[in-house]
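What follows is the residue order along each chain.
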Amino acid sequence: MREAAPCICATLDDMAVVHIGGDGHDERVFATIDVVRWHGDLLWWPKLSRCTACGQDWMIAQEERIYDDHYLKRLTPDEAGAIMARDLWPDDFLCYEAVLRFGQRNSRAFRFLDPRSGLLPIIEDLRKERPGISEAEIGELIGISEKQVVRLMGPEGWFERIGRKLLAL
Ligand SMILES: [Zn+2]
């Protein structure tokens, strides 16, 4: 027998991982959840969404570069109202490092990436956000070893090389 529940919001954790693809769970979740507003600006991943069936508001971060997941935070009406009225967002997923950290803790579904094409922009984003982040921390977040991070960044350090190029201009 089929359940007649109009949506599956109630079955989700307050901080939920919804993997993209696979068994179709994501399709069932997003069948009734529509985007209300994107955060925009430099933060391309967070958005406010609402379930058209039960009215539940969610803050959702999309992470397609490493984990291939959506991360959902259940919002109170007050929290959703603050986003709508004053552009005040809960800070859970506002930093990209926090999004990856959440994925690293809660998701095991790594996506295969060609290191040369996929990972350098991510390393660049993480270092822009927090210049002091270590190779070990980066490796942990994107699912490769510290040694691989160092190798990816080149023998003399990718950022140092870029920096020197800029200084030479
Ligand atoms: Zn719902």
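To keep things clear, this report deals only with the structure shown in the data block. Since we're looking at a predicted model, the values are computed, not measured. (Residues numbered from 1 in each chain as written. Predicted model: local features only at pLDDT ≥ 70, side-chain atom pairs only at ≥ 80, totals over all residues. Heavy atoms only, no water.)

## Overview of the coordination of the zinc ion
Then step 1. For the zinc ion, every protein donor is listed as C7 (SG), C9 (SG), C51 (SG) and C54 (SG), and the spread of their distances is 2.3 Å.
Then step 2. The site at the zinc ion holds four donor atoms, and with the angles between them running 103 to 116°, its shape is tetrahedral.
Then step 3. Positions of the donor residues of the zinc ion along the chain correspond to the pattern C-x1-C-x41-C-x2-C. Of the two residues, C9 sits in the segment before β1 (15-19) while C51 sits in strand β3 (residues 43-51), which places them 42 residues apart along the sequence.
Then step 4. We classify C51 as buried; its relative accessible area is 2%. (Donors = N, O, S within 2.8 Å, 3.2 Å for Na, K, Ca; no water. Tetrahedral: all angles 85-135°; square planar, octahedral: opposite > 155°, others 65-115°. Helix = DSSP H or I, 4+ residues; strand = E, 2+ residues; numbered from the N terminus. Buried < 20%, exposed > 50% of the residue type's maximum accessible area, 1.4 Å probe, protein only.)

## A few points about the packing of helix α3 (residues 96-106) against helix α5 (residues 135-142)
Then step 1. One way to put it is that α3 packs onto α5 with a least axis distance of 8 Å and a crossing angle of 60°. Looking at the two axes, α3 sits oblique to α5. Two secondary-structure elements touch here, α3 through E97, L100, R101 and Q104 and α5 through E137, E140, L141 and I142. (Axes fitted to C-alpha atoms, helices over the stretch in contact; angles between N-to-C directions. Parallel < 35°, antiparallel > 145°, perpendicular 65-115°, else oblique. Contact = heavy atoms within 4.5 Å.)

## Some remarks on α5
Then step 1. For α5, the full list of buried residues reads I138, G139, L141 and I142. The buried residues of α5 occupy an angular sector of 165° when projected down its axis, which confines them to one face.
Then step 2. Positive backbone phi, at 80°, marks G143, one or two positions downstream of α5. (Arc of directions from axis to C-beta.)

## A closer look at the packing of aromatic side chains
Then step 1. Applying the stated rule across the entire model yields six aromatic pairs.
Then step 2. Judged by centre distance (5.4 Å) and plane angle (40°), the rings of W44 and Y96 are tilted. Residue W44 is located in strand β3, and its partner Y96 is located in helix α3; the two are separated by 52 residues in the primary sequence.
Then step 3. Judged by centre distance (5.1 Å) and plane angle (70°), the ring pair of Y71 and F102 falls under edge-to-face. One end of the pair, Y71, is in strand β5 (residues 69-75); the other, F102, is in helix α3, and 31 residues separate them in sequence.
Then step 4. Taking relative accessible area as the criterion, Y71 reaches 0% and is therefore assigned buried.
Then step 5. Residue F102 is classed as buried on the basis of its relative accessible area of 13%. (Phe/Tyr/Trp six-rings, centres within 6.5 Å; stacked < 30°, edge-to-face > 60°.)

## Let's talk about the pairing of β1
Then step 1. Burial of the side chains of β1 is restricted to one face: A16 and V18 are buried, whereas none of M15, V17 and H19 on the reverse face is.
Then step 2. By the bridge criterion, five bridges tie β1 to β5 in an arrangement that is antiparallel. The partner of M15 across the bridge, within β5, is K73. (Pairing = 2+ DSSP bridges.)

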